[in-house]
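# Remarks on the overall topology
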Amino acid sequence: MTQKKETVWYKVLDNKDRLPEGRVQTVTAGHQGICLTHFEGKYSALDNRCPHQGGPLGEGSIENGMLRCPWHGWDFHPCTGLPPGGYDDGIQTFDVKEEDNAIYVGIPKEEEHQETISDVMIETMVNWGVDTVFGMVGHSNLGVADAMRRQEKLGKLRFFGIRHEGAAAFAASGYAKLTGKPATCFGIAGPGATNMFTGMWDAKVDRVPLLALSGQVHTQVVGTGAFQEVDLVKAFNTVAEFNHAVHLNSNHSELMALALKHALIKRDVSHLTFPDEVAFTAKPAKEKAQTPENRITPFNISPPKEMLDKAIEMIKKAERPAIVVGHGARFEMNSIIEYAKTLNCPVITTFKGKGLIPDTHELGCGVLGRSGTPIASWFMNESDLLLVFGASFSNHTGITPKKPIIQVDFDPMALSKFHKIDCALWGEISETLKVIRKETEGATQSIDHRDEIATRWKIWREEKQSRLEDSSAKGISSIAVFDAMNKVTPDNAVIAVDVGNNTYSFGRYFEPQHQSILMSGYLGSIGFSLPAAMGAWAAQGHERPIWSVSGDGGLGQYLAEITTLVKYNMHIKHVVLNNSELGKISKEQRAAELDVWQTSLKNPSFAAFANNCGALGIKVEKLEDLIPAMEKLRDHQGPALLEIITDVNLI
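Here is a short report on the structure shown in this document. (Residues numbered from 1 in each chain as written. Predicted model: local features only at pLDDT ≥ 70, side-chain atom pairs only at ≥ 80, totals over all residues. Heavy atoms only, no water.)

This part is about the overall build of the protein. For the protein, the helix and strand inventory stands at 21 helices and 27 strands. Across the 651 residues that make up the protein, the buried fraction comes to 54%. Sequence separation of 24 or more characterises 70% of the internal contacts of the protein that already satisfy a separation of 6 or more. Carbon and sulfur atoms form 49% of the exposed surface of the protein, whose accessible area is close to 28800 Å². For the protein, the separation between the mean place of its 66 positive charges and that of its 78 negative charges on side chains is 4 Å. (Helix = DSSP H or I, 4+ residues; strand = E, 2+ residues; numbered from the N terminus. Buried < 20%, exposed > 50% of the residue type's maximum accessible area, 1.4 Å probe, protein only. Contact = heavy atoms within 4.5 Å. Areas by Shrake-Rupley, 256 points an atom, 1.4 Å probe, with all protein chains shown as cover. Lys, Arg positive; Asp, Glu negative; His and termini not counted. Charge placed at Lys NZ, Arg CZ, Asp CG, Glu CD.)

Here is the structure:
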């Protein structure tokens, strides 16, 4: 004999008079959706899901004495839930009582949660160290989202609900670029998943780990052209190194473990998609969440001996060596700078590596390439050996192939990628540098470059000062903006930058101390900076100030995310250079000897928009107001935006 379950009563309506005669309303009792009806003087409670397509009956209406489903028009009695004509597809009803003018619904006591496939996979994800998710919850990812909610309740996971899934992927990419560890971006089937595509590519081409999770329509309707059906495995084949759908009979925890192993070891993108019915299915009884214990090999590998021997001889003979560091060297800079001191040689960075050595350091020579300084290019051209750590040799950086080069990288495919390298060292930077230093210290012929570096900086700073005096009635120069940032930005800040003229000017005129710079490097995607700052805040926002910089075109891409900053009280300081134009594109049209066309922008007041969202918004139009406004931005305890009206020609 089946024992009747205990009934639990929930107040669903404080005042019964709020549901007039002949009306229906959706309410919730525990987790049970209820269609509450008031018909012929009686209050009744029906399951809110229509038995045919799941339509929300509480959004329907009572017509001719029958409750009509709002989705397909099928009728049910408002009190009994029975359909006309004697059919057997009626609706479950629940007990109702009235007390003190309130309405209560009684439902059977809920059973304890039974772990699902989503639970075991999200627990595995957390065990592998992923504790941050950026995404949007929707109808086809609810099972996975509920598993995340449980991990969040345990204090093991943080979920940030964003306004656009593209921002979620950029935030996850920014998180990884800063920490070297993956975060997760999360979307629904179809458009929610495809919105993440650009940010996934940003992480891939800049070689940082990222995990993307997406919902999917029910397996039974795949291939039928169902609502929001997109073949996401096929769609993400080009961007995801590990890319699979989760099936009912998958080895679920192993699938998640392998997704993260690929992301971590290959510093690449992994993607898993969850069909809706799989996400809600109970996990197999014997399946347990996995951990990374004994699943990841140590990364401290050294290059082959014959190549090391060649590199050591090249370094010993060089009189004017120069070190070039890229973003891939960001976690080994203390060792690299210490080695540079033994050579007294210049240390140059790529644009993605900007800030890895302070511009005020006696060996620091700034950024090389299109966004760089004449100091860096001078020392590259005067060198007789380039020792390159963790740089990708993009044409934007312009590392010359005409000099003898030693290249160090963890990825053998990155070695000699665009042209022959004299000595390619496949290994981790830390281990490679230990051997090089041991074998070359005290045995080199490198001259002391420090006085020459100081002289070149003096020449460049005098040039910058003369440009700083340029002015215009149209707005402030970007040179003045970044000169002000030099004086105001905390020296331990993380700064996410965008693309465009504002970023070129940042590269030339901002002189980093110990700030970390994040950018969309190889992809060069507009709109990157504000979402990436969200990722940086999630990673280190309680330890370091988080700033971001963009033009008006870039901020316009994800302007609504200012509400996300406010929702989670992200203390991000955003500086937007507003010149009402896609200035870099106008410049490129002129360079191509074309007419300037369709690059003007019609902008809102970004400062007023920020204030309307609940952040601090400040607008500056005069040079004398710039530094006080930037100091106010810096000191504000909360999200804040500084809008600076600039002249597009003063870059």
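Following the structure, the description resumes.
This next bit is on the pairing of strand β13 (residues 210–216). Side-chain positions along a regular strand alternate between the two faces of the sheet. Taken across its seven residues, β13 has seven buried, putting it largely inside the fold. Both strand β12 (residues 184–187) and β13 contribute to a ladder of four bridges, which runs parallel. Residue pairing across strands places phenylalanine 186 opposite leucine 213, the latter belonging to β13. (Pairing = 2+ DSSP bridges.)

With that settled, consider the nonpolar core. Core analysis: the largest hydrophobic core is formed by 81 residues, its most contacted members being Ile323, Phe389 and Ile495. Considering each element in turn, this core owes the most residues, seven residues, to helix α14 (residues 478–488). Residue contacts for isoleucine 495: discarding those within four places in its chain leaves Met485, Thr489, Phe506, Phe510, Gln515, Ser516, Ile517, Leu518, Trp547 and Val549. Membership of the second largest hydrophobic core comes to 51 residues, among which are Phe134, Tyr175, Ala203 and Trp537. (Core = buried A, V, L, I, M, F, W, Y, C linked by side-chain atoms within 4.5 Å.)

Running from amino to carboxyl end, α14 crosses helix α21 (residues 626–635) at an angle of 50°, the nearest separation of the two axes being 10 Å. Taken together, the axes of α14 and α21 lie oblique to each other. Of the two elements, α14 crosses α21, and the hand of that crossing is right-handed. When α14 is examined against α21, the residues Ala480, Val481, Ala484, Met485, Lys487 and Val488 are found in contact with a partner set consisting of Leu626, Ile627, Met630, Glu631 and Arg634. Taken together, the residues that form the contact of α14 with α21 break down as eight nonpolar, no polar and three charged. (Axes fitted to C-alpha atoms, helices over the stretch in contact; angles between N-to-C directions. Parallel < 35°, antiparallel > 145°, perpendicular 65-115°, else oblique. Left-handed = near helix turned anticlockwise from the far one by under 90°. Nonpolar A, V, L, I, M, F, W, Y, C, P; charged D, E, K, R; others polar.)

So, on to helix α5 (residues 197–205). Of all the positions in α5, only Gly199, Met200, Asp202, Ala203 and Lys204 are classed as buried. Looking one or two residues past α5, arginine 207 carries a phi angle of roughly 60°, positive in sign.

Quick look at the sheet that holds strand β23 (residues 516–518) now. Spatially, β23-β22-β24-β25-β27-β26 is the arrangement adopted by the six strands of the open sheet, whose pairing is parallel. At either margin of the open sheet sits one strand with a lone partner, and together these are β23 and β26 (616–620). Strand-to-strand, the axes of this sheet are offset by a mean angle of 20°, without reference to chain direction. As paired strands, strand β25 (residues 572–578) and strand β27 (residues 640–645) are joined by six bridges and run parallel to one another. Along β27, the bridge assignment pairs valine 575 with leucine 642. Contacts from helix α20 (residues 606–613) reach β25, β26 and β27 within the one sheet, and its direction differs from that of β26 by about 165°.

Before going further, it helps to examine the pairing of strand β9 (residues 102–108). Of all the seven residues making up β9, six are buried; the element is thus mostly covered by neighbouring parts of the structure. In this sheet, β9 lies alongside strand β1 (residues 7–13) in antiparallel orientation, the contact comprising six bridges. Each residue of the ladder has a partner; that of valine 8, found in β9, is isoleucine 107. Two strands pair when backbone bridges link them, and strand β8 (residues 93–99) and β9 are joined in this way by five bridges, in the antiparallel orientation. Each bridged residue has a counterpart across the sheet, and for lysine 97 the counterpart in β9 is tyrosine 104.

Locating aspartate 89 in the fold gives a position in the loop between β7 (75–76) and β8. Summary of buried charges: aspartate 89 has no salt-bridge partner, and the nearest side chain of opposite charge, arginine 68, is 13 Å away. Of note is the side chain of aspartate 89, whose polar atom sits 2.6 Å from the side chain of histidine 52. If sequence neighbours within four positions are ignored, aspartate 89 has contacts with Pro51, His52, Trp74, Phe76 and Pro83. (Salt bridge = Lys/Arg side-chain N within 4 Å of Asp/Glu carboxyl O. Polar contact = N/O pair within 3.5 Å; in protein donor to acceptor, adjacent residues only side chain to side chain.)

Turning to the packing of helix α3 (residues 165–179) against α5, a few remarks are in order. Between α3 and α5, the shortest axis-to-axis distance is 7 Å and the interhelical angle comes to 15°. Taken together, the axes of α3 and α5 lie roughly parallel to each other. Note that α3 runs across α5; the crossing there is right-handed. Judged by residue contacts, Ala169, Phe170, Ser173 and Lys177 of α3 engage Thr198, Gly199, Met200, Asp202 and Ala203 from α5. Its residues assigned to classes, the contact of α3 with α5 comprises four nonpolar, three polar and two charged.

So, about the sheet that holds strand β19 (residues 385–389). Spatial ordering of the open sheet is given by β18-β17-β16-β19-β20-β21, a layout of six strands whose pairing is parallel. Of all the strands in the sheet, the pair left with one neighbour each is β18 (364–367) and β21 (423–426). With direction set aside, neighbouring strand axes in the sheet form an average angle of 20°. The pairing of β19 with strand β20 (residues 405–409) spans four bridges and is classified as parallel. Residue pairing in the sheet places leucine 386 in a bridge with isoleucine 405 of β20.

Right, let's talk about the environment of glycine 326 for a bit. By the secondary structure assignment, glycine 326 is in the loop between β16 (321–325) and α10 (333–343). Measuring from C-alpha to C-alpha, the distance between glycine 326 and valine 367 comes to 10.0 Å, with 41 residues separating the pair along the chain. Beyond its immediate stretch of four places on either side in the chain, glycine 326 contacts Thr350, Gly353, Leu356, Phe389, Gly390 and Ala391.

Geometric descriptors of this kind do not, in isolation, establish any biological role.
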